[in-house]
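# Structural overview
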Amino acid sequence: MKIIDAHSHIDHITHNFQEDVVGTICCATKESEWGVLVELMKHDKNIYGAFGVHPWFVDSVVDDFDKRLEDLLKTNSKYMVGEIGLDKYKPNMEKQIEVFQKQFDVAIRLKRTMFLHCVGAWDKILHILKQYKQSELPIIVMHDFNANDEIIEKLLQYKNIFFSVGKNALYDRFRRIDKISNDRILVETDGDKNIVLKNLVNKISKNESDIYNNTLKVLNNGQVA
Ligand SMILES: [Zn+2]
């Protein structure tokens, strides 16, 4: 088995300690982590970096953070955008939307894959997606995906959206992902030490090599590597 963790963080480089894991997509969640991630990547070519401000940390943003994000992304064409998004259970939704939209626009301008966190805000995310032509959108990965069939159907209309399955799949409240075809599924730890990716792949009964190839596609902006 060969797996790439589709979503983790700088304190949890999954391939260093999990069997069968050969790479880790690592999301920086605030500007103070961006440089740390750049350093980590210098020493480990199996770390794939995404840079952004997480909706939980919008209070950390300083003026022109989006400009600095864009400048950083321009230094390396492999850099991606994340973790960004919206979370209904965290304060300051207006600010969250503003910070999210700015980063979303950077990802679109530079055509970089982005990793989205969405909790209870599918209406808002779908509304934002509608403002763009499908051909304008880069690859979008919905992280720790969990939504109802109606949302899944709407998202599936976007050919470049992928669904990353993580800790939600371990809970009973997880909704079924049968509707999502094998060519759109990824797996992730989200930095959670209790998630063993090998077991997660078995649990969701999706083909392991499909999942691996999907991750390569995401890393190559939709191109088969
Ligand atoms: Zn995360």
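Below you will find a few notes about this structure.

### Quick word on the overall build of the protein
What the protein contains, in helices and strands, is seven helices and eight strands. Taking 17 Å as the expected radius of gyration for a compact globule of 225 residues, we find that the protein reaches 16 Å, a close match to that expectation. For the protein, restricting intrachain contacts to residue pairs at least 6 apart in sequence, the fraction spanning at least 24 positions comes to 63%.

### As for helix α7 (residues 208-219)
The terminal C-alpha atoms of α7 lie 17 Å apart, and with twelve residues this matches the ideal 16 Å at 1.5 Å per residue to within 8%. Within α7, the full set of buried residues consists of Ile211, Tyr212, Asn214, Thr215, Lys217 and Val218. In this structure, the buried residues of α7 make contact with β1 (3-8), β6 (140-142), β7 (161-165), β8 (185-187) and α6 (197-203). A positive phi of about 50 degrees marks Asn221, the residue just after α7.

### Section: the nonpolar core
Formed by 56 residues in total, the largest nonpolar core has its most connected members in Phe51, Val141, Met142, Leu186 and Val187. Take this core: its biggest share by element is five residues, from helix α3 (residues 93-110). Setting aside residues up to four positions removed in sequence, Val141 forms contacts with Ala6, Thr113, Phe115, Leu116, Phe162, Ser164, Leu186 and Val218.

### Quick notes on the packing of helix α2 (residues 65-74) against α3
Direction vectors running N to C along α2 and α3 enclose 30 degrees, while the axes themselves pass 10 Å from each other. By the criterion of interaxial angle, the relationship of α2 to α3 is roughly parallel. Crossing angle aside, the handedness with which α2 passes α3 is right-handed. Residues Asp66, Leu69, Glu70 and Leu73 of α2 form the contact with α3, whose own contacting residues are Lys102, Gln103, Val106 and Leu110. Of the residues contributing to the contact of α2 with α3, the split by class is four nonpolar, one polar and three charged.

### Points about the sheet that holds strand β5 (residues 114-119)
Strands sit in the order β1-β2-β3-β4-β5-β6-β7-β8 across an open sheet of eight strands; the sheet is parallel. Since the sheet does not close on itself, it has two edges, and those belong to β1 and β8, each with one partner. Ignoring which end each strand starts from, the neighbouring axes of this sheet average 30 degrees apart. Bridge analysis of β1 against strand β2 (residues 21-27) gives four bridges, and the strand direction is parallel. Across the sheet, Ile3 pairs through a bridge with Val21, a residue of β2.

### Focus: unusual backbone geometry
Of note, the bond from Gly82 into Glu83 is cis; its omega dihedral lies within 30 degrees of zero at 5 degrees. Within the secondary structure, Glu83 is located in strand β4 (residues 80-87). Although it is not a glycine, Asp144 sits at a positive phi angle of roughly 45 degrees. Relative to the elements of secondary structure, Asp144 occurs in the loop between β6 and α5 (149-156).

### Details of the environment of Leu116
Position of Leu116 among the secondary structure elements: in strand β5. Note on Leu116: 24 C-beta atoms within 10 Å, which makes it buried. Expressed as a C-alpha distance, the spacing of Leu116 and Lys133, which sit 17 residues apart in the sequence, is 18 Å. Excluding anything up to four places from it in sequence, Leu116 contacts Ile84, Gly85, Ile140, Val141, Met142 and His143.

### Considerations on the pairing of β7
Of all five residues making up β7, five are buried, and the element is well covered by its neighbours. Burial along β7 is two-sided: Ile161, Phe163 and Val165 facing one way and Phe162 and Ser164 facing the other are all buried. Following the chain from β6 across α5 to the adjacent parallel β7, one finds a crossover that is right-handed. As paired elements, β7 and β8 share three bridges and run parallel to each other. Each residue of the ladder has a partner; that of Val165, found in β8, is Val187.

The rules behind each value
- Residues numbered from 1 in each chain as written.
- Predicted model: local features only at pLDDT ≥ 70, side-chain atom pairs only at ≥ 80, totals over all residues.
- Helix = DSSP H or I, 4+ residues; strand = E, 2+ residues; numbered from the N terminus.
- Rg over C-alpha atoms; globule rule 2.2 N^0.38 Å.
- Contact = placed C-beta atoms within 7 Å.
- Expected span 1.5 Å × (residues − 1).
- Buried ≥ 20, exposed ≤ 12 C-beta atoms within 10 Å, placed from the backbone.
- Core = buried A, V, L, I, M, F, W, Y, C linked by C-beta atoms within 7 Å.
- Axes fitted to C-alpha atoms, helices over the stretch in contact; angles between N-to-C directions.
- Parallel < 35°, antiparallel > 145°, perpendicular 65-115°, else oblique.
- Left-handed = near helix turned anticlockwise from the far one by under 90°.
- Nonpolar A, V, L, I, M, F, W, Y, C, P; charged D, E, K, R; others polar.
- Pairing = 2+ DSSP bridges.
- Right-handed = clockwise from strand over helix to strand, strands pointing away.

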